[in-house]
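Residue-level structural notes
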Amino acid sequence: MHVDIAEAMRYLGAESDAATEALVREAAAELEQRVQPRFVYRVLPVTASEEGTALASLRLPGSMAARMLKDSTHAAVLVCTLGAGFEALLRACEARDMARAVALDACGSAFVEAGCDAARREIAERFPGLYLTDRFSPGYGDLPLTVQPDLLAVTDARRRLGVTLTESLLMVPSKSVTAILGISDTPQPARVRGCAYCSLNQTCTFRKRGTTCAAS
């Protein structure tokens, strides 16, 4: 897997000048040599009732999950992380070159997303002829962060990936993502689009600059 440089530049929030891009490319090259995304996922049946949407015994409250999974018979629960290796690499970089560390952090965000994309491709290959929804995560829409412990538990992510939660439900290591993807017999429209679905829509640095993370 490789770091998407354009994606890293967006996370960095910097102008696309030659010097900054060179710094990001150097950080990306070091990251790819030292760390690779790892992921686990588990496929579970989807059931819907008046009490809400469930993946086996895992309850997903709110309208977001119901909307995303309404046509799905199964869903994949995914956890992807750069692991503790990235945390150590970032700390070492911060001690010697803060500008490079900022670039490395942006590359880390892009790299864990690349890992999620790789997981999606693997899931799609596992279910040929079926269709996946957009992936969505706790914090999107009205799917609360309180489901995070259950997502980690159902995938055994603590043992298999070393991913844990703080008391405020933030994941450790920091470059970790949980997500859900519905699996359907019919093509699925893109549903997770725009700032309204993002848990960071009130604090987003992109929006403060008058743009979005989807802007090129």
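Reading the values: rules and limits
- Residues numbered from 1 in each chain as written.
- Predicted model: local features only at pLDDT ≥ 70, side-chain atom pairs only at ≥ 80, totals over all residues.
- Heavy atoms only, no water.
- Pairing = 2+ DSSP bridges.
- Helix = DSSP H or I, 4+ residues; strand = E, 2+ residues; numbered from the N terminus.
- Buried < 20%, exposed > 50% of the residue type's maximum accessible area, 1.4 Å probe, protein only.
- Contact = heavy atoms within 4.5 Å.
- Axes fitted to C-alpha atoms, helices over the stretch in contact; angles between N-to-C directions.
- Parallel < 35°, antiparallel > 145°, perpendicular 65-115°, else oblique.
- Left-handed = near helix turned anticlockwise from the far one by under 90°.
- Nonpolar A, V, L, I, M, F, W, Y, C, P; charged D, E, K, R; others polar.
- Core = buried A, V, L, I, M, F, W, Y, C linked by side-chain atoms within 4.5 Å.
- Arc of directions from axis to C-beta.
- Salt bridge = Lys/Arg side-chain N within 4 Å of Asp/Glu carboxyl O.

With respect to the sheet that holds strand 4 (residues 72–81)
The strand order across the open sheet built from six strands is 3-2-1-4-8-5, with neighbouring strands paired in antiparallel fashion. The sheet is open, and its two edges are formed by strand 3 (58–60) and strand 5 (131–132), each paired on a single side. Strand direction decides the pairing type here: strand 5 and strand 8 (residues 176–184), joined by two bridges, are antiparallel. Bridging across to strand 8, Leu132 finds its partner in Ile183.

Side note on the pairing of strand 4
Buried residues dominate strand 4, accounting for eight of its 10 residues. Two strands pair when backbone bridges link them, and strand 4 and strand 8 are joined in this way by nine bridges, in the antiparallel orientation. Along strand 8, the bridge assignment pairs Val77 with Ile180.

Topic: the environment of Ala124
By the secondary structure assignment, Ala124 is in helix 5 (residues 98–126). Spatially, the C-alpha atom of Ala124 lies 8.8 Å from that of Ile183, the residues being 59 residues apart in sequence.

Description of the side chain of Lys175
Summarising the element assignment, Lys175 is placed in the loop between strand 7 (171–172) and strand 8. Looking at Lys175, the relative accessible area reads 10%, which means it is buried. Sequence-distant contacts of Lys175, that is, excluding residues within four places in its chain, are made with Cys80, Thr81, Leu82, Phe86, Glu87, Asp105, Gly108, Ser109 and Val112.

Examining the packing of helix 1 (residues 5–12) against helix 2 (residues 18–34)
Packed helices, taken two at a time, are described by their axes: the angle between them and the distance between them. Contact pair helix 1 / helix 2: the axes reach a minimum separation of 10 Å and the direction vectors enclose 115°. Between helix 1 and helix 2, the angle falls in the class roughly perpendicular. Our pair here, helix 1 against helix 2, has a crossing hand that is right-handed. Only Thr20, Glu21, Val24, Arg25 and Ala28 of helix 2 make contact with helix 1, whose side of the interface consists of Ile5, Ala8, Met9 and Leu12. When grouped by side-chain class, the residues that make up the contact of helix 1 with helix 2 number six nonpolar, one polar and two charged.

Quick word on the nonpolar core
Counting residues in hydrophobic clusters, the biggest one holds 35 residues, and the most contacted among them are Val3, Val24, Leu31, Leu78, Leu104, Cys107 and Ile123. Broken down by element, this core gets its largest block of residues, 11 residues, from helix 5. Leaving out residues up to four positions away in the same chain, Val24 has contacts with Ile5, Ala8, Met9, Leu12, Ala103 and Cys107. Among the nonpolar cores identified, the runner-up in size contains 17 residues, and Leu44, Met68, Ala75 and Phe136 belong to it.

Quick notes on helix 6 (residues 148–155)
An α-helical segment advances 3.6 residues per turn. Residues three or four places apart therefore align on the same side. Along helix 6, the positions that sit buried rather than exposed are Gln148, Leu151, Leu152, Val154 and Thr155. All buried residues of helix 6 fall inside an arc of 165° around its axis, so they share one side. Asp156 sits one or two positions beyond helix 6 and adopts a positive phi of about 55°.

Some thoughts on unusual backbone geometry
Note the cis peptide between Val172 and Pro173, where omega equals 0°. By the secondary structure assignment, Pro173 is in the loop between strand 7 and strand 8. The phi dihedral of Ala56 falls on the positive side, at around 55°, and the residue is not glycine. Positionally, Ala56 belongs in the loop between strand 2 (52–55) and strand 3. Exposure remark for Ala56: the relative accessible area of 42% places this residue in the partly exposed category.

So, the pattern of salt bridges
A complete count under the given rule lists 11 salt bridges for this structure. Between Asp105 and Lys175 there is a salt bridge whose closest N-O contact spans 3.3 Å. Within this pair, whereas Asp105 is found in helix 5, its partner Lys175 is found in the loop between strand 7 and strand 8, the two being separated by 70 residues in sequence. The salt bridge involving Arg159 is made with Asp156; its shortest N-O contact spans 2.6 Å. Exposure remark for Asp156: the relative accessible area of 28% places this residue in the partly exposed category. When salt bridges with common partners are traced through the structure, they connect Glu26, Glu30, Arg34, Arg96 and Arg100 into a single cluster.

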